[in-house]
Amino acid sequence: MTIWIPNITGKSGPKYLIIADAISGAVADGTLARGAKLPPQRDLAYRLGVSLNTVTRSYAEALRRGLIHGEIGRGTFVQTQDQAGVADTPPPHLVRPDTGPIDFRLNLPAVGHSAELLSKTLADLSRSSALAQFLDYQTDGGLDAHAHAGAAWIGRLGMEALDRNIVLATGAQHGVMACLMATTRPGDTLLAEQLTYAPLKPIAHHLGLKLSGVALDEYGLIPEKLDDACRKTAAKTLYCLPTLHTPTTVTMPEDRRRSIADVARKHGLAIIEDDVFGFLPQDRPPPLASFAPERSLFITSVSKSLAPGLRIGYLYIPDNFLGAVRGAISMSCWMPPPLMAEIAGRWILDGTADRLNNWQRMEAGARQRIACKLLEGHSFQADPSSFSLWLSLPDPWRADDFRMAAEKRGVRVLTGEAFALGQAAVPHAVRLCLGYERSRERIITGLEIVAEILGGKYDPNALPI
């Protein structure tokens, strides 16, 4: 048995939530190891000087969050990451439908428990004497505390960053646009993976940029192809997603990242690294930017790892691009909302962000296990920590025909064409995102339909006109 007693003194709010938060924090920082046995509820109540009912409610809350599980006759244990029952209890309701078409198009994290934690944070903020600063204009990069939180968040990915090199954006997509504004001019060529983040195309179009795709293999961007593209186009900027690449979910290995950094130095190429999914893998290589920090504009956020509505992006910008990126942020939105930055910053510094991200990682793993089982025998690329998978379609399926057949059965998917650049052949594949739907039951239903379509006979006459 683990002799673990949480410190709940000096903390405000319902005691059962304080104890549940303490369990969450202890699991996140390793104080409570995976599989560790928790004290019996009656013993913990006695040691803390609270009622048995309070501890019972706290254990029930921890169970609902997917942190612990009970075994009849044995006791209560910290959940192990490979258990399929992680976070089985449906999370709180958000504006995601429980009925109608099953939507596999939106690459969002699962509905987690951030709303409950937000309630406590807002209550704490209401007692702050510094609220006025969150309602005022910010200049020169915003509040120092917010930059410090951003540096700490980026540091968790293995990227060393000084506070003064951190710029806040209104989400990672806004950060991408600001970095492109800082590194390119209308008419320039922008290099990117042959398959890439779909919004990059309209962003580049509105900035007057010419997009040129660079070939991929099973390890991501191919260094030799990037070298060729640099010589042929004289491009000075590369946009890429080395970790959990969109849409293929591939994570580029470290030696490939070093090779890409060498090519960038050879050609004087600025690298815009989008690492928005970087917090989901438990074990991942260092950021590409860490191998060429002097020319890398590194972007991450909290929207894919904590909550999609928390629109705060963190950018590491080297000194030579710092003024241009800050100018682009100021021109495009003046400043990210300081109140939202304060919420994100508090969560990063007090451990809440780590707990929320850990829950997302476990939920992604659980949903990927479901997908692996239901799509067994079919060809797809996936990562255990990703909320999406890349499904290759067998002959004679064409991607758009498959999309229409799935939609006719009440399942929405996104085809490879949405991600493809240039004139290269578009793969007959679809991306399935597993995070948007609130319940695992709808995920199962949707994947069963996908499997039925793949296993059935292709009938073009059955497709909607």
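Here is what the cut-offs are and how they apply
- Residues numbered from 1 in each chain as written.
- Predicted model: local features only at pLDDT ≥ 70, side-chain atom pairs only at ≥ 80, totals over all residues.
- Heavy atoms only, no water.
- 1 Å grid on protein atoms, 1.4 Å probe; cavity = no way out; pocket = protein on both sides within 12 Å on 5 of 7 lines; lining within 4 Å.
- Points joined across faces, edges and corners; volume = space filled by probe spheres on them.
- Helix = DSSP H or I, 4+ residues; strand = E, 2+ residues; numbered from the N terminus.
- Nonpolar A, V, L, I, M, F, W, Y, C, P; charged D, E, K, R; others polar.
- Contact = heavy atoms within 4.5 Å.
- Pairing = 2+ DSSP bridges.
- Expected span 1.5 Å × (residues − 1).
- Buried < 20%, exposed > 50% of the residue type's maximum accessible area, 1.4 Å probe, protein only.
- Core = buried A, V, L, I, M, F, W, Y, C linked by side-chain atoms within 4.5 Å.
- Axes fitted to C-alpha atoms, helices over the stretch in contact; angles between N-to-C directions.
- Phe/Tyr/Trp six-rings, centres within 6.5 Å; stacked < 30°, edge-to-face > 60°.
- Arc of directions from axis to C-beta.

K.L.:
I would appreciate a short explanation of empty space enclosed by the protein in the present structure.
P.N.:
Once rolled over the atoms, a probe with the size of a water molecule shows which space is left empty. A full pass over the atoms with the stated rule returns two cavities of 30 Å³ or more. In this structure, the largest cavity encloses a volume near 110 Å³. Forming the boundary of the largest cavity are S24, R65, L67, H113, L117, R355, L356, N358, W359 and M362. It is helix α12 (residues 352-374) that provides the largest number of residues to the lining of the largest cavity, a total of five residues. Within the lining of the largest cavity, the residues separate by chemical class into five nonpolar, three polar and two charged. In this model, the second largest cavity occupies a volume close to 40 Å³. Per-class residue counts for the lining of the second largest cavity are two nonpolar, six polar and one charged.

K.L.:
What's the story with the side chain of T246 in this structure? I'm lost.
P.N.:
Here T246 is to be found in the loop between β9 (237-240) and α9 (254-267). Apart from residues lying up to four places away in sequence, T246 is in contact with L195, T196, Y197, L241, F277, F419 and R431.

K.L.:
Where do I start with the sheet that holds strand β17 (residues 429-433) in this structure?
P.N.:
Each strand in a sheet pairs with another by means of backbone hydrogen bonds, the pair being arranged parallel or else antiparallel. If you walk across this open sheet you meet the four strands as β13-β14-β17-β16, and the pairing is antiparallel. At either end of the open sheet lies a strand with only one pairing partner, and these are β13 (380-382) and β16 (414-415). Relative to strand β14 (residues 388-392), β13 is paired through three bridges, and the arrangement is antiparallel. By the bridge assignment for β14, F380 is matched with L391.

K.L.:
Looking at this model, I keep getting lost on helix α5 (residues 144-155). Mind explaining?
P.N.:
Turn by turn, an α-helix covers 3.6 residues, leaving residues three or four places apart pointing in a common direction. Look at α5: 16 Å from first C-alpha to last across 12 residues, which is about the 16 Å you get at 1.5 Å a residue. The set of residues buried in α5 consists of H146, A147, A149, G150, A151, W153 and I154. Contact partners of the buried residues in α5: β4 (166-169), β11 (296-301), β12 (313-316), α11 (338-350) and α12.

K.L.:
Before we go on, may I ask you to explain the nonpolar core in this structure?
P.N.:
Burial of nonpolar side chains together is a common tendency in soluble globular proteins. In this structure, L180, Y239, L297, L315, I317 and V325 are the most contacted members of the largest nonpolar core, which totals 37 residues. Listing elements by their share of this core, those giving two or more residues are β4, α6 (172-183), β5 (189-193), α7 (200-206), β10 (270-274), β11, α10 (319-333) and α12. It is α6 that contributes the most residues to this core, six residues altogether. With residues near it in sequence (within four places) discarded, L297 still touches C179, T183, A270, I271, I272, E273, Y316, I317, P318, F321 and V325. Counting 31 residues, the second largest nonpolar core, distinct from the first, contains A149, A161, F298 and V302.

K.L.:
When you look at the environment of A110 in this model, what are you seeing that I'm missing?
P.N.:
Here A110 lies in the loop between β3 (102-103) and α4 (114-126). As for A110 and R361, which are separated by 251 residues in sequence, their C-alpha atoms are 9.7 Å apart.

K.L.:
What should I look at first to understand the sheet that holds β9 in this one?
P.N.:
Read from one edge of the open sheet, seven strands run β4-β12-β11-β10-β9-β5-β6, paired in mixed fashion. Of all the strands in the sheet, just β4 and β6 (210-214) have a single pairing partner and so form its edges. Each strand of the sheet is rotated relative to its neighbour by a mean of 25°, with strand direction disregarded. Two elements, β10 and β11, share four bridges in a ladder whose sense is parallel. By the bridge assignment for β11, I272 is matched with L297. Each of β5, β6 and β9 touches helix α8 (residues 223-233); the most contacted strand, β5, lies at about 165° to it.

K.L.:
Explanation requested: the environment of A324 in the structure shown.
P.N.:
Residue position: A324 is located in helix α10. You can call A324 partly exposed: its relative accessible area is 38%.

K.L.:
Is there a simple way to think about the packing of aromatic side chains in this case?
P.N.:
For any pair of aromatic rings, the description rests on two quantities: the centre-to-centre distance and the angle between the ring planes. The final tally for this structure, using the stated rule, is three aromatic pairs. Taking the centre distance of 3.9 Å and the plane angle of 15° together, the rings of W153 and F279 count as stacked. Residue W153 is located in helix α5, and its partner F279 is located in the loop between β10 and β11; the two are separated by 126 residues in the primary sequence. On the basis of an interplanar angle of 85° and a centroid distance of 6.1 Å, the ring pair of W390 and F419 is categorised as edge-to-face.

K.L.:
Got a minute to help me understand α8 in this structure?
P.N.:
Taken residue by residue, α8 has P223, L226, D227, A229 and C230 as its buried positions. For α8, the angular spread of the buried residues around the axis is 165°, confining them to a single face. Of the residues in α8, the exposed ones pointing more than 90 degrees away from the buried face are E224, R231 and K232. Along its buried surface, α8 packs onto β5, β6, β8 (220-221), β9 and α9. Positive backbone phi, approximately 60°, marks A234, located one or two places after α8.

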